[in-house]
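# Results of the structural survey
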Amino acid sequence: MYFQILKLVLWPRKGGEPRVVPFERNVVNVISGGSKTGKSAVIPIIDYCLGSEHCAIPVGKIRQACNWFGVVVDTSDGEILFARREPGDVRRQGDFFVLQDTTISVPHTIADKSHSREEVKELLNRLSGLSNLRFEADPDVGYKARVGFRDLMAFVFQPQNIVANPDVLFFKADTTEHRERLKTILPYVLGAVTPRTLAARQELVQVQRQLKRLSADLRSIESTADRWAADGRSWLQQAIELGLARESRIPDSWPEILHQLRAIANVTHPSVAPTVRGAESTIRRIASLREEVRRLSSEATDHRQRLAEIHQLTESSNQFGGALELQRERLALSTWLRDRFEEQDTPFERRAADSALIERLCSALGSIELQVRTQPMVRNTLDKEEIERKAALGAALERLAGAKKELAVYERSTAEAKAAGDRLAFAERFLGKLEQAISQYDDADHTQPLRNEIAALSAREVALRYEIDDQSIRRKLDQALDEIERLTGRLVPDLDGEWKTSPVRLNIQELSVEVDREGRKHFLWEIGSGANWLAYHIAITVALQQFFARKPHHEVPGLLVYDQPSQVYFPKRASETDDDNSDDGGVDWRDEDIEAVRAVFALLGRVVTDAKAPLQVIVLDHADGEVWGDLPGVQLCDRWRDGEKLVPVAWLEED
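Residues numbered from 1 in each chain as written. Predicted model: local features only at pLDDT ≥ 70, side-chain atom pairs only at ≥ 80, totals over all residues. Heavy atoms only, no water.

Once that is clear, we can look at the overall build of the protein chain. What the protein chain contains, in helices and strands, is 15 helices and 13 strands. Pairs at least 24 apart in sequence give 71% of the contacts found in the protein chain among residues at least 6 apart. (Helix = DSSP H or I, 4+ residues; strand = E, 2+ residues; numbered from the N terminus. Contact = heavy atoms within 4.5 Å.)

Time to look at helix α13 (residues 591–610). Between the first and last C-alpha of α13 there are 28 Å, a value that for 20 residues agrees with the 28 Å anticipated at 1.5 Å per step. Three or more residues of α13 are buried, namely D593, I594, A596, V597, A599, V600, F601, L603, L604, G605, V607 and V608. (Expected span 1.5 Å × (residues − 1). Buried < 20%, exposed > 50% of the residue type's maximum accessible area, 1.4 Å probe, protein only.)

Before going further, it helps to examine the packing of aromatic side chains. Scanning the model with the defined rule gives 8 aromatic pairs in all. Where F155 meets F548, the ring centres are 5.7 Å apart and the plane angle is 80°; that geometry is what we call edge-to-face. Of this pair, F155 sits in the loop between α3 (117–128) and β7 (157–158) while F548 is found in helix α11 (residues 530–549), placing the two residues 393 residues apart along the sequence. Here the aromatic rings of F547 and F548 are separated by 6.2 Å at their centres, their planes lie at 70°, and the arrangement is edge-to-face. A connected cluster of aromatic rings, assembled from ring pairs, spans F155, F170, F547 and F548. (Phe/Tyr/Trp six-rings, centres within 6.5 Å; stacked < 30°, edge-to-face > 60°.)

Put simply, the largest pocket is a space of about 1,200 Å³. The set of elements that each furnish at least two residues to the lining of the largest pocket consists of α1 (39–49), α3 and α4 (176–189). Counted by class, the lining of the largest pocket contains 19 nonpolar, 11 polar and 16 charged residues. In this structure, the second largest pocket spans a volume of roughly 520 Å³. Surrounding the second largest pocket, 28 residues form its lining, Q545, Q546, A549, K612 and A613 being those nearest its centre. Secondary-structure elements contributing two or more residues to the lining of the second largest pocket are α3, α10 (470–491), α11 and α13. For the lining of the second largest pocket, the element with the highest residue contribution is α11, accounting for 4 residues. Here the lining of the second largest pocket is built from residues that sort into 13 nonpolar, 9 polar and 6 charged. (1 Å grid on protein atoms, 1.4 Å probe; cavity = no way out; pocket = protein on both sides within 12 Å on 5 of 7 lines; lining within 4 Å. Points joined across faces, edges and corners; volume = space filled by probe spheres on them. Nonpolar A, V, L, I, M, F, W, Y, C, P; charged D, E, K, R; others polar.)

This part is about the pattern of salt bridges. What the rule picks out here adds up to 37 salt bridges. Note that E291 and R294 form a salt bridge whose closest N and O atoms lie 2.3 Å from each other. You can see E291 and its partner R294 sitting in helix α7 (residues 276–342), 3 residues apart, about one turn around the helix. Salt bridges here are not isolated pairs; linked through shared partners, they connect R85, D95, D112 and K113. (Salt bridge = Lys/Arg side-chain N within 4 Å of Asp/Glu carboxyl O.)

With respect to the helices, strands and loops of the structure, S105 is situated in the loop between β6 (96–101) and α3. Separated by 24 residues in the primary sequence, S105 and L81 place their C-alpha atoms 9.0 Å from one another.

Another aspect to go through is the sheet that holds strand β11 (residues 559–563). One key point about sheets: their strands pair by backbone hydrogen bonds, in either a parallel or an antiparallel sense. Taken in spatial order, the 5 strands line up as β7-β11-β12-β3-β13 in an open sheet, and their pairing is parallel. Two strands lie at the open edges of the sheet, namely β7 and β13 (634–640), each paired on one side alone. Contacting β3 (28–33), β11, β12 (616–621) and β13, α13 crosses the sheet at an angle of about 160° to β12. (Pairing = 2+ DSSP bridges. Axes fitted to C-alpha atoms, helices over the stretch in contact; angles between N-to-C directions.)

With that out of the way, let us pick up the nonpolar core. F155, F170, L190 and L604 are the most contacted members of the largest nonpolar core, which has 75 residues in total. Residue contributions to this core peak at 12 residues, all from α11. Every residue in contact with F155, bar those within four places of it in the chain, is listed here: F170, L182, I185, L186, V189, L544, Q545, F548, V556, L559 and L560. Grouped together as the second largest cluster of nonpolar side chains are 46 residues, M1, I43, F69 and F96 included. (Core = buried A, V, L, I, M, F, W, Y, C linked by side-chain atoms within 4.5 Å.)

This part takes up α11. Given a rise of 1.5 Å per residue, 20 residues ought to cover 28 Å, and the 28 Å separating the end C-alpha atoms of α11 matches this to within 8%. Across the 20 residues that make up α11, a large majority, 17, are buried. Between the side-chain oxygen at the start of α11 and the backbone nitrogen of A531 there is a gap of 3.2 Å, and the oxygen is on S529. (Polar contact = N/O pair within 3.5 Å; in protein donor to acceptor, adjacent residues only side chain to side chain.)

Before going further, it helps to spend a moment on the state of the cysteines. As enumerated under the stated definition, the model contains 0 disulfides in all. Between C55, a cysteine without a disulfide, and C49, which holds the nearest cysteine sulfur, the sulfur-to-sulfur distance is 8.9 Å. The class of C55 is buried, set by a relative accessible area of 14%. (Disulfide = S-S within 2.5 Å.)

Right, let's get into the sheet that holds strand β8 (residues 504–507). Ordered by their spatial adjacency, 3 strands build an open sheet running β8-β9-β10, and the pairing between neighbours is antiparallel. The two strands at the open ends of the sheet, each matched to only one other strand, are β8 and β10 (520–523). With direction set aside, neighbouring strand axes in the sheet form an average angle of 35°. Summarising the sheet, β8 and strand β9 (residues 512–517) pair through 4 bridges and their orientation is antiparallel. Counted as the bridge partner of R505 is E514 from β9.

Structural data, given as structure tokens:
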């Protein structure tokens, strides 16, 4: 990515001309200065203006004196000014002022913001040409999000606390979040994972989701087919019972069941339903017989009741006759008395009262005699009536039995006819339901197109898995690391490292370098000496830039910023006595230290001079021209000594 810093700009809080620090393209820009002159604020200012989340510009005089910070960068789209408001008391400030033109003229003041931080990040992402695809589809995994321009700053900045750090090789890789993020993006940055790989991963997720959904649909349909098979076996059993099936065997598989059911549904079965006329005649006869049975039953009941009454009258007549016989026997004495009374000769003996009494008795006896003589006639009448009633009852019962017998025959035949009719109706309903069910199954059976779609997606899944094959990515990554190892091997001998010929390899998992020494690999933190740490930091960062430069349109900016690489050689006593007004001209440099630091500048100058793509290096260091002077590709950018600092002294003076 063509991305070079042309100017570092500070706008004073009190107003006035902005402070502009110019840089040259494709050279090693050296800002030489003493301690507390603002050198270590340069990387935080650049990082802040390029969209960092937090402001790492040191609090104190710089932030008190400045209102806005800015950088003018040269890109493939022209020059762009990225200015950002000093955050003040807040930890995050998203006010940006962005100016883009062929040539940027630094504005005297900035009135207000023009962009947000997100807009600036999006602009930088677009300039870098990074893919907008995530490493993983799961949005919950933050460090698997799309690679952004901000992630590439790990390969650009080497601040003072990193440039010779044995434990941390890359910018901001001292936190777990950034370490995991860096491990994720390194395969992409090194070309092992390409935008096509990311697109294939995204497509694979979508294909797998679609496959999962379609497979679930297919399983649901197949489950429905199982239920259909169970129902089909039940239908076949009923068809056999109804005599509709030609075969008595019920198959197990759904296709065979469906075949038999289709055969049953397609056969025309003869109707055995009784005729309407015949049914009506039977019904009328049954109704007539039921009426006759009712009438005969009533007639028989009347005869039974009359017989009961006759029987009761007979009983009463017999009792009455018995009572008359008893009275007649008792009154029979009256006739004897009358005879005895008439035989008396004297009137004295035949008194009139006695004669009247005897006459009344004889008259009563006559009346009883008459009744006794008529009682047999009544009995005979009752007996005759009883005989006639019994005969009539017997005839009625006989006709009733006949009618009931005939009615029973008709009712039995009618029940059999009804049962047959019901069975036929059931069979017809069964066939109707069967035809409807088969039609519904035919309409619902979309398994074959579904199976075809699943097969196509499965084939696509295999192809996508091949594209994102981990072994293939690992192989490409090893090839990239091999190339970086060769590049590093050409750089280390020119630096002040102890093991100049030992292979140095970048370890992505540990985010460190491995130095192969006598058959054993040593991580950076296992190697002593600040000179070694500095040598491997310089070598690996430069080698990475050389590797990126070999790839056309690589996304990483061709920019390296080192802060005080000479600190491992700088005399301790000089650092302790440095102050704002000190001048390092009196520092007692040892010859070997000067040579070691000069070797660093010489290597950087040679790299930018021989670079196959635009590469800009900025070095912020105590070392002055006596160390790096006259080196090809290395030039002084600014000198912050003798009261000259990043922030003009006048900005700090009280009004």
